Amino acid sequence: MSDAPQREQRVLSGTHFMLGDHACAEGALAGGVDYFGGYPITPSTEIAERLARRLPAVGGKYVQMEDELGSIMSILGASAAGARSLTATSGPGFSLMMESIGLAAMMELPCVIVDVQRASPSTGLPTMVGQSDILQARWGSHGDYGMAAFSPASPQECFDLTVHALNVADQYRIPVFLMMDEVVAHMTERVVIPPADEVPLVHRKRPDHKPGAQRHLPYAVGEDGVPAMAHAGEGYKVHMTGLTHDERGYPALTPATHNALVNRLVDKVRHNAQHIMRYDEFELDDAETVVIAFGCTSRSARQAVRQARQRGAKCGLLRLVSVWPFPEQRIRELLQRGTVRRFVVPEVNLGQLRREVERLTQLPVQRINHAGGAMPTPADILEVLL
Amino acid sequence: MSDAPQREQRVLSGTHFMLGDHACAEGALAGGVDYFGGYPITPSTEIAERLARRLPAVGGKYVQMEDELGSIMSILGASAAGARSLTATSGPGFSLMMESIGLAAMMELPCVIVDVQRASPSTGLPTMVGQSDILQARWGSHGDYGMAAFSPASPQECFDLTVHALNVADQYRIPVFLMMDEVVAHMTERVVIPPADEVPLVHRKRPDHKPGAQRHLPYAVGEDGVPAMAHAGEGYKVHMTGLTHDERGYPALTPATHNALVNRLVDKVRHNAQHIMRYDEFELDDAETVVIAFGCTSRSARQAVRQARQRGAKCGLLRLVSVWPFPEQRIRELLQRGTVRRFVVPEVNLGQLRREVERLTQLPVQRINHAGGAMPTPADILEVLL
Amino acid sequence: MATIRTNRQPMDMERAHIPQGEVHVIPERCKECGFCVGYCPEQVLAFSQEINAKGYHYPVLAEHKEDACVHCGFCNLICPELAIFTVEIARQGGSGSAGSQE
Amino acid sequence: MATIRTNRQPMDMERAHIPQGEVHVIPERCKECGFCVGYCPEQVLAFSQEINAKGYHYPVLAEHKEDACVHCGFCNLICPELAIFTVEIARQGGSGSAGSQE
Amino acid sequence: MTATSAVIARDHPNDPLLRSDRFPHILCPGCGIGTVIHCYVEAMAASGVPLDNHVCVSGIGCSGRAAGYVNVDSYHTAHGRAIPFALGIAIHKPELRVTVISGDGDLTAIGGNHFIHAARRNMNLTVVCINNFNYGMTGGQAGPTSPRGSITSTAPKGVHDRPFNLPDLARAAGASFVARWTILHVRQLRDAILRGLQKPGFSFIEALSPCPTNFGRANDLGDGMAEMEVYRQRCRIVQELPGFDELDIDFVDEERPIAVGNFVDIDRHPYQPVGADAFDNVPNGTQRVHHPVGEE
Amino acid sequence: MTATSAVIARDHPNDPLLRSDRFPHILCPGCGIGTVIHCYVEAMAASGVPLDNHVCVSGIGCSGRAAGYVNVDSYHTAHGRAIPFALGIAIHKPELRVTVISGDGDLTAIGGNHFIHAARRNMNLTVVCINNFNYGMTGGQAGPTSPRGSITSTAPKGVHDRPFNLPDLARAAGASFVARWTILHVRQLRDAILRGLQKPGFSFIEALSPCPTNFGRANDLGDGMAEMEVYRQRCRIVQELPGFDELDIDFVDEERPIAVGNFVDIDRHPYQPVGADAFDNVPNGTQRVHHPVGEE
Amino acid sequence: MPAARSSGPVQIRFGGYGGQGIVLAGTLLGKAASLYDGKEAVFTQAYGPEARGGASRADVIIADEPIDYPYVTQPDVLVALFQEAYTLFGGQLKPGGTLIVEEDLVRLGEPAPPASLLPATRMAEELGNRIVTNVIVLGFLVGRTGVVSREAAEQALKTTVKPAALELNMRAFEAGFARALAAGAAPA
Amino acid sequence: MPAARSSGPVQIRFGGYGGQGIVLAGTLLGKAASLYDGKEAVFTQAYGPEARGGASRADVIIADEPIDYPYVTQPDVLVALFQEAYTLFGGQLKPGGTLIVEEDLVRLGEPAPPASLLPATRMAEELGNRIVTNVIVLGFLVGRTGVVSREAAEQALKTTVKPAALELNMRAFEAGFARALAAGAAPA
């Protein structure tokens with residue numbers, strides 16, 4: 001966080017009735033964002049607009065870039081210089097960021113990219129809901145790499161998960177995606193922002209030696225696989241490249257180096273999945289039908305489960321708060337109980353996350369899909385549960 | 001194909017000892033490509049260089065664009081004007097094309113994008129092999145959409161599948177990806193190019209009415225779900241948009257329209273999967289171990305299967321020629337035989353296509369992965385097979 | 001609102017012949033931007049008292065301007081809604097072009 | 001190759017004092033581009049007979065030019081490999097600066 | 001005597017040039033995009049090029065909707081990418097006259113690279129940039145043409161960075177015809193587009209337009225007429241491309257003139273794709289040609 | 001008397017400014033990129049800015065390797081995206097002096113949009129564009145700076161479209177300092193970079209350089225020296241930005257001079273991000289300042 | 001008013017055109033319920049370029065329990081501030097629900113359903129500024145339905161409206177509220 | 001020469017530096033086998049920016065059966081045309097394999113392995129152009145190992161080399177081939 005004088009309160013502690021997009025922006029502020037580079041796109045624009053006003057007032061920097069390619073590269077540059085940085089976009093802009101997401105992963109530059117999902121593909125329905133960028137978040141850039149993605153179901157979670165996303169990005173030096181959706185972004189609800197000193201902040205690991213004292217190896221790692229990060233301007237004479245590189249950050253163009261490096265990038269997330277992952281369980285104890293849902297859809301799902309329970313259907317909800325890492329292990333545990341008979345996966349897409357569920361089980365996985373523009377209603381889901 | 005005078009032979013009929021990239025370029029020529037817009041990137045550059053020389057000599061157009069964003073948009077524009085069009089790139093450029101791939105799907109503009117995969121993510125190892133853009137090809141653009149992807153295992157297939165990709169793109173009006181890899185692109189082997197009149201060509205469906213005779217509905221479809229395509233300059237007064245649209249091509253911003261449209265885009269491929277799909281079987285009849293491989297890796301796999309068979313191991317190879325659509329049904333058939341005990345999936349990535357196999361079976365799916373720069377050798381695979 | 005002086009003379013205006021125009025309006029297209037009313041070189045137009053279905057006041061002929069249109073075409077071309085145009089008619093007697101004398 | 005006339009005078013050259021330079025070379029960095037040899041304003045340099053490990057002929061002092069370097073620094077700055085530089089030394093007597101008299 | 005109704009009409013004479021079934025369009029009252037569309041279709045009709053040979057391509061944004069309203073083959077593409085899409089059409093079918101109509105954000109923010117490269121190549125394209133000084137569709141964010149000091153939803157205390165001088169940028173990139181008019185200068189605007197349609201190579205026409213809902217409301221130009229009045233009072237027609245600063249648009253400094261005109265009109269060989277023929281050494285030099293365009 | 005050896009050295013006095021453990025670098029014999037790197041590190045050392053406050057950012061390509069050889073915080077980023085990455089650093093830590101060194105393809109083909117926008121904003125960046133007229137790393141394809149008529153692997157019969165005049169483009173986009181030199185003009189080049197490092201706002205220095213392996217071999221400039229000779233014979237130093245065509249580089253027309261010089265040096269307020277303070281009405285006007293840069 | 005007093009969720013829809021301030025009205029209502037009445041509330045609105053200049057809506061759901069599905073499906077209370085809003089949304093009103101219309105801008109047609117007629121624009125003009133039309137509507141709604149307490153609504157106003165405008169807004173709220181009481185409805 | 005006569009695949013590696021033309025030599029060899037000898041052949045080479053100016057390789061595999069794995073793992077035949085190539089690749093040669101070196105540019109060291117020494121550059125200069133060094137090498141290789149027939153190699157030359165240069169290239173091939181025969185190796 002910058003030391004510049006803060007003319008406004010950075011953490012807006014208190015209870016608010018707040019738009020999801022604004023809650024995300026406030027989460028960015030509370031989470032210590034120093035730099036936002038962005039480009040307007042519906043339905044994420046309100047995040048940028050709020051940060052354009054609020055960030056400079058607390059000593060941070062807002063830059064409206066010429067395009068999304070510039071937006072993400074500018075947050076990576078700021079990150080290299082030590083900033084906690086974030087950008088916000090929607091599907092088309094997210095697609096444009098794909099190349100540089102790979103650079104973030106390869107250089108291990110922490111950053112948070114908010115994708116407020118709308119009905120897609122292409123321009124689609126810009127003002128209406130979608131959840132169809134979920135597999136793109138995982139696979140959209142060329143190659144294998146580590147990342148994490150969270151999907152808030154309420155303005156409160158827009159706040160909470162933005163903070164969490166920033167922490168995860170810094171702790172593991174990975175790109176983290178906040179996969180919002182238009183429903184949650186454009187919904188206003190109560191948001192409780194804790195006192196500034198109660199906002200949980202985790203920062204990136206920093207070199208344990210002074211610059212110049214010894215040669216700094218930007219990519220030397222210990223057991224946790226996460227290198228300590230020196231920033232531009234600190235005297236460490238860092239070098240970073242998107243090429244396959246050695247501990248010095250120098251290009252090292254051999255298959256063995258590449259294999260070790262990329263596996264480490266992926267393992268940073270895989271080995272820490274339990275710390276990064278978040279999910280929420282509702283009525284799962286004796287559930288024969290397990291609904292798996294995330295984002296706005298999980299709201300309809302919860303209501304449907306509640307109603308189905310009232311009618312005696314043994315069903316429950318596994319709400320994914322982190323979409324990636326996907327809670328494979330938890331689902332395997334549920335399966336081991338032997339009580340589960342089927343899964344139901346409602347999504348505002350044509351069945352993306354259900355594919356992950358299908359990998360884990362041969363039990364029936366029932367889909368409830370809408371291609372976009374509207375979310376499944378509780379009634380849509382209830383019909384399947386009964 | 002343009003009517004312009006052809007000063008060179010378009011189809012280089014005969015037997016050649018040819019580089020994979022050049023075979024792809026010759027496939028483009030034989031497949032009737034009129035327009036290529038591209039941007040240099042290793043290891044695809046030789047495709048562009050050959051087409052820069054050959055395409056103008058047969059009356060086609062080559063434009064070197066300012067970037068990959070421009071490359072793909074220019075081939076979409078050419079396609080809208082009636083051209084068979086193609087671009088070629090590699091991972092980073094492929095990532096940059098993601099947004100416009102969604103536009104191609106949404107506007108239903110036929111096009112072929114060649115991605116010569118290299119070791120990724122980010123800049124990675126530009127001159128060395130990767131197969132890690134396979135899930136990106138499927139999910140890299142925001143939203144759900146229909147597409148197809150082929151992965152050649154030899155220069156001969158670079159030729160054959162480029163022709164096939166162009167046909168599939170035209171027939172179903174979808175973006176089609178030729179997922180080459182650096183090994184195949186930079187390998188020189190015998191390539192047999194058939195006589196011009198034996199190159200199988202399938203063209204897009206065209207309006208069955210004259211312009212002006214009646215109102216042309218650019219997105220009216222019959223049972224096959226594929227609209228007839230009128231081209232710019234023919235007098236049909238076409239309108240197309242990346243927004244959700246009705247039969248007239250006009251924006252129609254409702255969830256119901258969106259749902260119907262996106263489902264149709266996906267169903268075009270799903271319902272025709274058996275016509276689009278290609279795969280190759282080797283020693284599968286009594287196989288207890290089924291190796292599933294594609295591209296360069298399938299060459300090592302075939303050799304390993306041959307060697308393992310010599311040593312008595314009951315194994316076989318399902319070689320994916322089309323990666324997408326994935327041959328789900330064929331794998332289910334294999335499973336129904338009851339003889340299969342396990343799958344082995346070697347890939348130059350950290351396990352992408354094996355996820356598709358896992359969706360279909362609870363049998364063990366063993367991975368043989370290299371992150372990039374080198375392909376698994378026959379010995380690597382043989383070790384697992386024995 | 002004052003008459004504007006566009007930087008150039010109306011296209012078809014010739015000293016020898018001042019055509020007479022008849023103003024045609026498509027009320028349901030109008031969104032009351034005021035361009036035609038504000039920039040008619042002859043101040044021929046005013047806003048209607050009535051509103052259209054969307055609630056906008058559309059152009060009508062101003063008081064005493066029934067014959068003042070010179071068919072210059074400016075209102076037609078500047079209208080963002082294609083809601084107004086003029087048709088040349090045979091010039092009738094009268095003081096219709098008073099506005100051009102300022 | 002002809003001596004080039006760069007458009008400006010060497011940086012440190014003053015009429016009052018022509019410094020003497022000593023040429024230092026790092027042979028293993030040299031790739032024989034010829035810039036230093038070709039553009040030395042005093043034509044001090046020539047290519048070696050020997051080759052370095054990569055097979056390149058690196059700069060050596062040309063015949064009769066042992067004292068001709070004026071430490072102008074041009075060879076240093078133009079060398080893409082940072083393989084050559086000069087060090088100022090006390091000027092010795094002799095005809096070392098003949099090349100500058102052309 | 002009170003005001004009397006004009007003749008009530010159902011159709012406009014230019015309706016056949018438009019997709020009039022989509023009128024009224026979605027654009028706000030006082031927005032000038034409709035006027036530019038009108039100027040374009042009149043220029044198109046006057047161009048001598050058969051209507052079936054006209055193609056209109058747009059990007060995304062309010063101005064990007066233009067393609068949807070003109071009754072020729074028309075493509076409403078992706079944000080910033082109208083020009084390369086248009087290029088593909090123009091290269092594959094050189095007999096077509098392809099016009100790009102889009103907004104300042106679309107063409108010069110996200111689309112800036114395609115813009116300068118198409119100008120550099122001297123592509124056979126007519127590019128009409130409707131400049132309303134902000135991103136209208138998303139609610140009024142600052143863009144690369146927002147004048148210094150203007151208030152936008154992402155520059156609540158005023159834009160700090162200076163805007164592009166689009167005519168100068170287009171010229172420096174290589175355009176053959178460069179003009180700037182406002183939607184108050186409808187005839188000159190129409191005629192500049194017409195000149196663009198008739199001229200080989202890359203033509204660029206900047207059309208300044210009010211955006212009352214967003215830019216106007218935030219900058220004391222609350223309705224379209226207020227901004228039109230600024231144009232009326234401050235525009236000065238010049239014949240040659242003015243100096244860099246003279247082209248700046250500044251709504252804060254009320255004394256500052258706004259330069260409009262047909263600034264550049266030169267002949268330079270238009271783009272050809274890589275050809276089978278050897279490079280013919282066409283002189284690269286350019287010359288200003290004098291056509292009395294838009295100066296009726 | 002035969003030639004005698006010079007003093008054999010193991011280190012170069014500028015080695016501390018470089019990652020000398022990586023020398024010899026990967027660049028070809030006769031390539032000028034090393035010379036530009038050398039000029040940059042000398043300018044950096046002379047700038048008065050502490051070395052720890054210098055940052056070097058590159059994109060992809062041969063010139064993009066520059067960042068990997070200078071011993072300051074340095075970032076070898078993605079193709080075309082060096083400028084926005086540098087911008088993020090410069091905005092977050094305004095005390096750093098960020099230099100972008102990259103190639104013509106990287107900065108002005110795929111990176112063209114960031115280039116013009118950084119110039120427009122007058123970002124505190126020094127951008128050194130090593131222009132070798134083609135894509136070297138991928139084997140010599142035509143780019144937006146390939147002169148008309150030049151032969152490349154994707155223009156085997158000669159490039160048809162005209163190249164950018166990068167100095168003119170940079171100026172029209174808004175740069176404060178604009179220079180062009182060749183790697184033969186090492187001192188002027190170094191001093192132009194130095195001027196860029198010391199000047200607030202956006203500085204652009206184009207450095208013409210041979211690419212003997214690709215561009216040279218294809219265009220009868222077979223080794224670095226051949227292209228250097230063209231520079232020696234045809235470069236003319238001018239003080240003001242020449243006209244559009246006068247800036248063109250043309251290897252076909254052997255009579256045509258190549259204009260080099262420090263063309264633009266004006267004071268204009270540098271970029272500030274959206275601020276908490278109200279817009280201060282800094283005059284937008286610019287003035288040419290006369291500094292004897294590179295004209296020692 | 002049955003819907004307001006029930007413990008189940010209450011769905012309120014405001015329909016108006018741009019400039020009538022229904023987004024603020026909805027936000028104030030939701031804020032009052034959520035922050036000052038200890039209830040749950042969610043506010044949503046329609047977005048979209050086609051909506052410009054046309055009818056827009058602002059929806060609030062208020063409940064005692066957490067609200068899952070956030071959208072109004074069948075309003076318990078419909079406020080229609082101009083004709084098109086009534087035309088579009090009138091048919092969605094729950095049977096027995098509360099209908100409030102801008103008296104001067106909406107014609108209910110025949111047979112006219114039971115409705116509260118509120119000349120909100122005129123009242124605002126009487127208070128000196130049409131801009132407070134929405135707050136008059138809010139005051140009336142609160143007085144008429146009791147979906148939130150008067151105190152909560154006033155608190156929402158105080159924490160939302162700029163100080164300089166607060167007094168006018170409070171008067172506007174009071175005017176609307178008083179009119180509702182005068183019309184015979186009892187607040188909760 | 002055992003490897004060449006066996007029916008199994010034969011792996012041939014050329015190591016040289018830029019300008020020595022090993023890519024063309026490898027391509028010609030593969031083409032001869034694949035198109036004119038009715039065999040299977042695959043040609044690969046190393047790519048990469050770091051390779052510039054350094055050692056590069058050109059690899060050919062020739063076999064009677066389709067070739068799956070396309071890379072040379074252990075050459076049966078190694079052609080080293082300058083010192084670094086020998087240093088890098090010499091150790092990979094299959095035991096008993098054929099080693100051909102540029103006599104003037106490679107020092108084999110002590111103890112020297114069995115090798116065919118070929119002054120290819122000098123021979124090319126004697127023919128009037130260093131550019132045909134690679135074809136001399138090819139002629140020698142064909143003569144020495146018989147991996148392809150002389151006719152096939154000549155046919156490959158004819159269909160690859162520009163007509164104007166063919167005569168020189170044919171003479172170069174002949175010179176290399178003759179020298180191999182003179183050295184005592186018999187073609188297959």
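The model shown is predicted, which means the values in this text are computed figures rather than measured ones.

### As for the overall build of chain E
At step 1: What chain E contains, in helices and strands, is eight helices and 10 strands.
At step 2: In summary, chain E has a C-alpha radius of gyration of 19 Å against a globular reference of 19 Å for 296 residues, a match within 12%.
At step 3: Viewed in the frame of its principal axes, chain E has a C-alpha envelope of about 70 × 45 × 35 Å.
At step 4: Across the 296 residues in chain E, those meeting the buried criterion constitute 74%.
At step 5: Residue pairs at least 24 apart in sequence account for 67% of intrachain contacts in chain E once pairs closer than 6 positions are excluded.
At step 6: Summed over its atoms, the accessible surface of chain E is roughly 7700 Å², and 52% of this surface lies on carbon and sulfur atoms.

### Section: the environment of B:H142
At step 1: Secondary-structure assignment places B:H142 in the loop between α6 (134–139) and β7 (148–150).
At step 2: For B:H142 and B:E356, which are 214 residues apart along the polypeptide, the C-alpha to C-alpha distance reads 20 Å.
At step 3: Contact partners of B:H142, with chain neighbours within four places excluded, come to A:G91, A:P92, A:S95, A:S120, A:P121, A:S122, A:S132, A:D133, A:Q136 and B:E99.
At step 4: Polar contacts involving the side chain of B:H142 include one to the main-chain carbonyl oxygen of A:G91, which spans 3.4 Å.
At step 5: Separated by 2.7 Å, the side chains of B:H142 and A:S95 make a polar contact.

### A few points about the sheet that holds strand β12 (residues 289–294) of chain A
All names here are of chain A.
At step 1: Strand order in the open sheet formed by five strands is β11-β13-β12-β15-β16, and the pairing between neighbours is mixed. Edge positions in the sheet fall to β11 (279–282) and β16 (365–369), since each has one partner strand and no second. If you compare each strand with its neighbour and ignore which way they point, the axes differ by 20 degrees on average.
At step 2: As defined by bridge partners, strand β15 (residues 342–347) adjoins β16 across five bridges and the pair is classed as parallel. Among the inter-strand pairings, F343 is bridged to a residue of β16, identified as V365.
At step 3: Across the sheet, helix α12 (residues 328–336) touches β11, β12, β13 (315–320) and β15, and the angle it forms with β13 is around 165 degrees.

### Observations concerning the pairing of strand β8 (residues 175–181) of chain A
Residues and elements named next belong to chain A.
At step 1: With respect to burial, β8 is a largely interior element, seven of its seven residues being buried.
At step 2: A two-sided burial pattern is seen for β8, the buried positions comprising P175, F177, M179 and D181 on one face and V176, L178 and M180 on the other.
At step 3: The pairing of strand β5 (residues 111–119) with β8 spans seven bridges and is classified as parallel. Its bridge partner lying in β8, V114 is registered against L178.

### Section: the packing of aromatic side chains
Residues and elements named next belong to chain E.
At step 1: Under the defined criterion, the tally for this structure stands at 28 aromatic pairs over all chains.
At step 2: Between F215 and F251 the ring centres are 5.7 Å apart and the planes differ by 55 degrees, which places this aromatic pair in the tilted class. One end of the pair, F215, is in helix α7 (residues 212–218); the other, F251, is in the loop between β8 (235–237) and β9 (258–267), with 36 residues separating them in the sequence. The two residues F215 and F251 agree in class, both being buried.
At step 3: Counting every residue linked through ring pairs, the aromatic cluster contains F115, F202 and F204.

### Observations concerning the interface of chain A and chain B
At step 1: At the junction of the two partners, chain A supplies 62 residues and chain B supplies 62 residues.
At step 2: Among the residues chain A hides against chain B, the three largest losses belong to A:W139, A:H142 and A:R359. Together they make up 15% of the total.
At step 3: Viewed at the interface, chain B and chain A are joined by four salt bridges.
At step 4: With its nearest N and O atoms 2.8 Å apart, the salt bridge here joins B:E356 to A:R355.
At step 5: Inspection of the region where chain A meets chain B yields 30 residue pairs in polar contact (both at pLDDT 80 or more).
At step 6: Listed by contribution, the elements that provide at least two residues to the side of chain A that touches chain B are α4 (91–96), α5 (98–107), β6 (125–129), α6 (134–139), α9 (255–270) and α13 (353–360) of chain A.
At step 7: Looking at the side of chain A that touches chain B, the element that brings in the most residues is α9(A), giving seven residues.

### Concerning the relation of the copies chain A and chain B
At step 1: Mapping chain A onto chain B calls for a screw motion: a turn of 180 degrees about the axis and a shift of 0.0 Å along it, with 0.0 Å RMSD after fitting. Taken together, the rotation and translation relating the two chain copies correspond to the operation of a two-fold axis.
At step 2: Residue by residue, 100% of the interface of chain A is reproduced at the interface of chain B, so both copies engage with the same surface.

### With respect to the domain arrangement of chain A
Residue and element names in this part refer to chain A.
At step 1: Along its sequence, chain A is organised into domain 1 (4–198) and domain 2 (278–385).
At step 2: Of all residues in domain 1, Q131, I134 and L135 give up the largest surface area on contact with domain 2, accounting jointly for 30% of the area buried on that side.
At step 3: Along the contact surface separating domain 1 from domain 2 lie two salt bridges.
At step 4: Among the salt bridges present, the one from R299 reaches E189, with a minimum N-O distance of 2.6 Å.

### A few points about the side chain of B:Q117
At step 1: Here B:Q117 is to be found in strand β5 (residues 111–119).
At step 2: Sequence-distant contacts of B:Q117, that is, excluding residues within four places in its chain, are made with B:S90, B:M128, B:V129, B:G130, B:Q131, B:S132, B:D133, B:I134, B:M179, B:M180, B:D181 and B:E182.

### Here's the deal with the sheet that holds strand β4 (residues 84–89) of chain D
At step 1: Taken in spatial order, the three strands line up as β4(D)-β1(D)-β1(F) in an open sheet, and their pairing is mixed. The two strands at the open ends of the sheet, each matched to only one other strand, are β4 of chain D together with β1 (7–8) of chain F.
At step 2: In the sheet, strand β1 (residues 20–25) of chain D pairs with β4(D) via six bridges, with the strands oriented antiparallel. In the sheet register, D:G21 faces β4(D), and the bridge partner there is D:E88.

### Side note on the confidence of the model for chain E
Residue and element names in this part refer to chain E.
At step 1: Averaged over all residues, the pLDDT of chain E equals 90, while 91% of them reach at least 70.
At step 2: Low confidence marks residues 278–296, where pLDDT is under 50. Its contacts with residues over four positions away, or in another chain, come to 61 contacts.
At step 3: The complex prediction reports pTM at 0.95, with the ipTM value standing at 0.95.

### Quick notes on the packing of helix α2 (residues 22–36) of chain G against helix α5 (residues 133–145) of chain G
All names here are of chain G.
At step 1: Interhelical geometry of α2 versus α5 gives an angle of 40 degrees and a closest axis separation of 9 Å. Between α2 and α5, the angle falls in the class oblique. For the crossing formed where α2 meets α5, the hand is right-handed. Contact with α2, carried on its side by L24, A25, L28 and L29, involves N134, V135, L138, L141 and V142 of α5 and no other residues of that element.
At step 2: Along the lines of polarity and charge, the residues of the contact of α2 with α5 split into eight nonpolar, one polar and no charged.

### Considering the state of the cysteines
Residues and elements named next belong to chain D.
At step 1: With the rule as written, the count across this model stands at zero disulfides over all chains.
At step 2: Its sulfur unpaired, C33 is 6.1 Å from the next cysteine sulfur, which belongs to C79.
At step 3: Here C72 stays unpaired: no disulfide links it, and the sulfur of C40, its closest cysteine neighbor, is 6.2 Å away.

### Observations concerning the confidence of the model for chain A
At step 1: Looking at chain A, pLDDT values average 96 and 98% of them are 70 or higher.
At step 2: pLDDT under 50 marks residues 1–5 of chain A. Its contacts with residues more than four places away, or in other chains, come to nine contacts.

### What to know about the pairing of strand β4 (residues 77–80) of chain G
Residue and element names in this part refer to chain G.
At step 1: Burial along β4 is two-sided: V77 and V79 and L78 and A80, pointing in opposite directions, are all buried.
At step 2: Of the pairings in the sheet, the one linking strand β1 (residues 10–17) to β4 comprises four bridges and is parallel in character. Across the sheet, R13 pairs through a bridge with L78, a residue of β4.
At step 3: Sheet topology note: the β4/strand β5 (residues 98–102) ladder contains four bridges and is parallel. Residue A80 lies in a different strand from β5, and its bridge partner there is V101.
At step 4: At this point the chain moves from β4, through helix α3 (residues 83–89), to the parallel β5, and the crossover so formed is right-handed.

### Notes on the pattern of salt bridges
For side chains bearing opposite charge, pairing can occur when the charged atoms are close.
At step 1: Across all of its chains, the model carries 110 salt bridges over all chains by this definition.
At step 2: Where E:R190 meets E:E42, a salt bridge forms, and the shortest distance between an N and an O atom there is 3.0 Å. Placement of the pair is E:R190 in helix α6 (residues 186–198) and E:E42 in helix α1 (residues 33–46), with a sequence separation of 148 residues.
At step 3: With a relative accessible area of 11%, E:R190 lands in the buried category.
At step 4: A salt bridge links F:E229 to F:R232, with the shortest nitrogen-to-oxygen separation between them at 3.0 Å. Here F:R232 and F:E229 lie together in helix α8 (residues 224–234), a separation of three residues that amounts to about one turn.
At step 5: Within this structure, A:E328, A:R332, A:E356, A:R359, B:R354, B:R355 and B:E358 form a network of salt bridges that share partners.

Conventions we followed
- In this numbering scheme, every chain counts its residues from 1 along its sequence in written order.
- The order in which chains are written sets their letters, starting at A; the order in which ligands are written sets their numbers, starting at 1.
- The model is predicted, so local features are restricted to residues of pLDDT at least 70 and side-chain atom pairs to those at 80 or more, both for listing and for counting; the totals for chains, interfaces and linings are taken over all residues.
- To get the side-chain values, take all heavy atoms of the structure and skip hydrogens and water.
- A run of DSSP states H or I qualifies as a helix once it reaches four residues; a run of E qualifies as a strand once it reaches two. Both are numbered from the N-terminal end.
- It is over C-alpha atoms that the radius of gyration is taken, and the globule rule equals 2.2 Å times the number of residues to the power 0.38.
- Using a 1.4 Å probe on the protein chains alone, a residue whose accessible area is under 20% of its type maximum counts as buried, one over 50% counts as exposed, and one in between counts as partly exposed.
- When checking whether two residues touch, look at their non-hydrogen atoms; a contact exists if any pair is within 4.5 Å.
- Per-residue accessibility takes into account occlusion by the displayed protein chains alone, with areas from the Shrake-Rupley method and a 1.4 Å probe.
- In protein, a polar contact means a hydrogen-donor-capable atom and an acceptor-capable atom, both N or O and within 3.5 Å, with residues adjacent in sequence counting only if both atoms are side-chain atoms; elsewhere, any N or O pair within 3.5 Å suffices.
- We treat two strands as partners when DSSP finds at least two bridges between them.
- Axis lines are fitted through C-alpha atoms, for helices just across the contact stretch, and the angle between N-to-C directions can take any value from 0 to 180 degrees.
- Between rings of Phe, Tyr and Trp, where Trp is taken as its six-membered ring, a pair exists when centres lie within 6.5 Å; planes separated by under 30 degrees are stacked, by over 60 edge-to-face, and by other angles tilted.
- Put simply, buried area is the surface a 1.4 Å probe can reach on two separate parts but cannot reach once they are joined, added for both.
- The salt bridge criterion pairs a side-chain nitrogen of Lys or Arg with a carboxyl oxygen of Asp or Glu, the two atoms within 4 Å.
- Copy-to-copy alignment: least squares on C-alpha atoms, limited to residues at pLDDT 70 or above in both.
- Source of the domain bounds: an automatic or database domain assignment.
- The quantity known as pLDDT measures the predictor's confidence residue by residue, on a range of 0 to 100.
- Here is the rule for angles: anything less than 35 degrees is roughly parallel, anything more than 145 is roughly antiparallel, 65 through 115 is roughly perpendicular, and the remaining ranges are oblique.
- Crossings are sorted by hand: turned counterclockwise from the far helix by less than a right angle, the near helix makes the crossing left-handed, and turned clockwise it makes it right-handed.
- Ten residue types, Ala, Val, Leu, Ile, Met, Phe, Trp, Tyr, Cys and Pro, are classed as nonpolar, four, Asp, Glu, Lys and Arg, as charged, and the remainder, Gly among them, as polar.
- Defined by distance alone, a disulfide is two cysteine sulfur atoms within 2.5 Å.
- Handedness rule for crossovers: strands pointing away from the viewer, path from the first strand over the helix to the second running clockwise, crossover right-handed.

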